[in-house]
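Understanding the architecture of this molecule
So the chains spell out like this:
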Amino acid sequence: MPDPIPPVPHLVRSSWGTTNSWPWCCFSASVARDMAENTEPLLKRKVYFDGCPGCKQDRRKEASSGIPYKEFFYVWIITLCTALPISSLFPFIYFMIRDLHVAKREEDIGFYAGFVGASFMFGRALTSLFWGVVADRYGRKPVILLGIFSVTIFNTLFGLSTSYWMAITTRFLLGSLNGLLGPIKAYSIEVCRQEHQALGLSLVTTAWGIGLIVGPALGGFFAQPAEKYPEIFSQDSFFGRFPYFLPCLCISLFAVCVLIGSLWLPETLHKHNSKKNGETTIEDVETPYSSDSKCHTDKDEESDTQPKANLFKNWPLMSSVIVYCIFSLHDMAYTEIFSLWAVSDKSYGGLGFSSQDVGEVLAISGFGLLVFQILLYPRIEKLLGPVSSLRVASVLAIPLLAAYPFMSKLSGLQLTLIVNCASLLKNVLSVMIVIGLFILQNNAVSQEQRGAANGIAMTAMSFFKAIAPAAGGAIFSWAQKRQHASFFPGDQMVFFILNVVELIGLLFSFKPFLIEPSK
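These figures come from a predicted structure and were not determined experimentally. (Residues numbered from 1 in each chain as written. Predicted model: local features only at pLDDT ≥ 70, side-chain atom pairs only at ≥ 80, totals over all residues. Heavy atoms only, no water.)

1. A look at the overall build of the protein chain
Condition: Think of it this way: any DSSP run of H or I at least four residues long counts as a helix, any run of E at least two long counts as a strand, and we number them from the N terminus. Burial classes: relative accessible area under 20% of the type maximum marks a residue as buried, over 50% as exposed, and values in between as partly exposed (1.4 Å probe, protein chains only). Whether two residues are in contact is decided by their heavy atoms, any of which lying within 4.5 Å being enough. Here the accessible surface of atoms and residues is derived via Shrake-Rupley with a 1.4 Å probe, and residues count as covered only by protein chains that are part of the display.
Within the protein chain one finds 19 helices and zero strands. By the burial criterion, 55% of the 519 residues in the protein chain qualify as buried. Expressed as a percentage of contacts within the protein chain between residues at least 6 apart in sequence, the contacts between residues at least 24 apart total 79%. Accessible area of the protein chain: about 23600 Å², with a carbon and sulfur share of 63%.

See below:
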């Protein structure tokens, strides 16, 4: 007498009856036991929907365990494209404000320059959440394409600015329509398997960090070409009349190339037509028992109908966003202050660099940052984890920043070497912090809310980054007027304030404030 065969519900529809009806004469006891044992893993298998770009991308990930180099290349160049215009103006904004004749005194130039830098982030703060929701509803690709297109238009117009308000307006519109950083962060972990997600996010941060460094390098090398390269550009030429157009044009042409290439960007958002003829439409899932059977679990139905969780009550997400905002405030203020400090005269505690000198420093930092991200960061993240790595970077950045004001006492080759090494190390530490927070944010939510989560992070971060250039420029102008103060004179006060912000971010990275998402 064979062993009784347990019923296997909701698995196969046979011609002998309902799902729970099994013909006793057709199967041996061993086959029945195998079917019962395989029921649970089968119900957990992934199902794919026809015509869904997200399911198509998931199939590719399951079929290949290697690194998706093509998709990662898309991520890298798109992020680089959107990062280049953000800080490309910093090496020449001092001279641009001077030429626009809005500052009555030289000490006031930093104050006006801060508002031009802040206008981009203010515009992005107003629209980042909106673009995140759009990316979750209509797909990552449309938001990405629109962001790249905005770079080609408004970055070009900024280079043609003939008034202070035109410069602020074009930067504001560029920030408002350039909402792709949140979606591209979500995209970077959706195109790869879980074991490559740290690398994907590190590519976003690498390209972003390099863009924030190479952008100013381009601005430093190509601004005022008629003065730097008179044998090529005359004062009466178009580039002589618009001395800050050439670096903007170079970035816009690069954006056009990226825009054309991104037309073939694969979408990753899941788009399921959940109802068709009264039933859920899914692709056939092959089972060991029937090639015509279909698998659909109650869990799948619940995920389609269950309301989305309130992201503002997700403390692992919100705590990482708050810490991210603090460090973003610090990094943006540092970027603004470094360029102003480097080009200011030594009598005011600066380095007396030209815009080209600043460009060279930032270009070297960008190349070193690329090498670090490719060769070293994945190993550091694997060894320490995202939270420990950002804490270590924060601790090391504090004494480094404290040494900056004393570099003005150096000169010649010694000054060049010290400034280049300090700039490279500072940018490496900043990138370690940002990548760790990116990983925490994206691991704290499911895929269908990842665009909105990144939109929240971008909105909050953009508000802080909008404050940073204006506050940094104002503090820098104020510090230049107190060169002989007894308490942190001149630029020592500027870097002291930067260190205070860094310390606050470090303290907030510990429990009970920062909570790591559960695995």
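Past the structure itself, the notes keep going.
2. Some details on helix H9 (residues 197-222)
Let me state the cut-off plainly: Working rule for helices: expected span equals 1.5 Å times residues minus one.
If you check H9, its first and last C-alpha atoms are 36 Å apart, about what 26 residues at 1.5 Å a residue would give, namely 38 Å. Among the 26 residues that make up H9, 20 are buried, leaving the element largely enclosed by the rest of the structure. The positive-phi residue at the C-terminal boundary of H9 is Gln 224, with phi of around 50°.

3. Some details on the pattern of salt bridges
Put simply, the rule is: When a carboxyl oxygen of Asp or Glu lies within 4 Å of a side-chain nitrogen of Lys or Arg, that pair is called a salt bridge.
Scanning the model with the defined rule gives four salt bridges in all. Salt-bridge contacts for Arg 98 lead to Asp 99; the nearest nitrogen and oxygen are separated by 3.3 Å. Accessibility expressed as a relative area gives 39% for Arg 98, which makes it partly exposed. Judged by relative accessible area, which is 32%, Asp 99 ranks as partly exposed.

4. Things to note about the nonpolar core
To be explicit about the condition: Here, the term nonpolar core denotes a set of buried Ala, Val, Leu, Ile, Met, Phe, Trp, Tyr and Cys residues that are joined through side-chain atoms within 4.5 Å.
Counting 121 residues, the largest nonpolar core has Ile 78, Ile 148 and Tyr 404 as the members making the most contacts within it. Of all hydrophobic cores here, the second largest spans six residues; its members include Ala 226, Phe 233, Phe 245 and Leu 246.

5. Comments concerning helix H3 (residues 69-87)
In this model H3 runs 28 Å from its N-terminal to its C-terminal C-alpha over 19 residues, within 8% of the 27 Å that 1.5 Å per residue would give. Judged by how many residues are buried, H3 sits mostly within the fold: 15 of 19 residues are covered.

6. Comments concerning unusual backbone geometry
Residue Pro 512 is reached from Lys 511 by a cis peptide bond, and omega for that bond is 5°. Relative to the assigned elements, Pro 512 resides in the segment after helix H19 (491-508). Backbone geometry at Gln 224 places phi at a positive 50°, although glycine is not the residue there. Following the sequence through the fold, Gln 224 ends up in the loop between H9 and helix H10 (225-228). Although it is not a glycine, Phe 488 sits at a positive phi angle of roughly 45°. Along the chain, Phe 488 falls in the loop between helix H18 (450-480) and H19.

7. A look at the packing of aromatic side chains
In plain terms, the rule: Side-chain rings of Phe, Tyr and Trp, where Trp is taken by its six-membered ring, are said to pair if the distance between their centres is within 6.5 Å; with planes under 30 degrees apart they count as stacked, over 60 as edge-to-face, and otherwise as tilted.
Throughout the structure, instances matching the rule amount to 27 aromatic pairs. A centroid spacing of 5.7 Å and a plane angle of 75° characterise the contact between Tyr 94 and Phe 95, whose relative ring orientation is edge-to-face. Residue Tyr 94 is classed as buried on the basis of its relative accessible area, which comes to 9%. A residue is classified by how much of its surface remains accessible, and Phe 95, at 15% relative accessible area, is buried. Considering the side-chain rings of Phe 508 and Phe 513, the 4.6 Å spacing of their centres and the 50° angle between planes classify their relative orientation as tilted. With a relative accessible area of 31%, Phe 508 lands in the partly exposed category. By way of ring pairs, the aromatic residues Phe 111, Tyr 112, Phe 115, Tyr 164 and Trp 165 are connected into one cluster.

8. Considerations on empty space enclosed by the protein
In this approach a probe as big as a water molecule rolls over the atoms, and the regions it shows empty are the leftover space. Heads up, the condition is: The pocket and cavity definitions rest on a 1 Å grid over protein atoms only: a 1.4 Å probe that fits but cannot leave marks a cavity, an open set with protein on both sides within 12 Å along at least five of seven lines marks a pocket, and residues lining either have an atom within 4 Å of a point. Grid points are joined across faces, edges and corners, and a volume is the space filled by probe spheres set on the points. The residue classification treats Ala, Val, Leu, Ile, Met, Phe, Trp, Tyr, Cys and Pro as nonpolar and Asp, Glu, Lys and Arg as charged. All others, Gly included, are polar.
Enumeration according to the criterion identifies one cavity of 30 Å³ or more in this entry. A volume near 350 Å³ is recorded for the largest cavity. For the lining of the largest cavity, the secondary structure elements donating two or more residues are H9, helix H14 (315-343), helix H17 (412-443) and H18. Ranked by residues supplied to the lining of the largest cavity, first place goes to H14 with eight residues. In the lining of the largest cavity, the residues fall into 15 nonpolar, seven polar and three charged.

9. Remarks on the environment of Val 75
By the secondary structure assignment, Val 75 is in helix H3. Put simply, Val 75 and Leu 203 are 128 residues apart on the chain and 7.3 Å apart in space, counted from C-alpha to C-alpha. Ignoring anything within four residues of it in the chain, the contact list for Val 75 reads Ile 184, Tyr 187, Ser 188 and Val 204.

10. Some thoughts on a nonpolar patch on the surface
Heads up, the rule is: Two distance rules govern patches: like charges are joined within 9 Å, and nonpolar side chains (Val, Leu, Ile, Met, Phe, Trp, Tyr) within 5 Å, applied only to residues with over 30% relative accessible area and no salt bridge.
Together, Trp 315, Ile 322, Phe 487, Phe 496, Val 500, Leu 503, Ile 504, Leu 507 and Phe 508 give the surface a local cluster of nonpolar side chains, amounting to about 760 Å² of exposed area. Looking at the nonpolar patch, the elements with two or more residues in it are H14 and H19. Take the nonpolar patch: its biggest share by element is six residues, from H19. With respect to the helices and strands, the residue Ile 504 is situated in helix H19. The exposure class of Ile 504 is partly exposed, given its relative accessible area of 38%.

What is shown is where atoms sit, not what they do.
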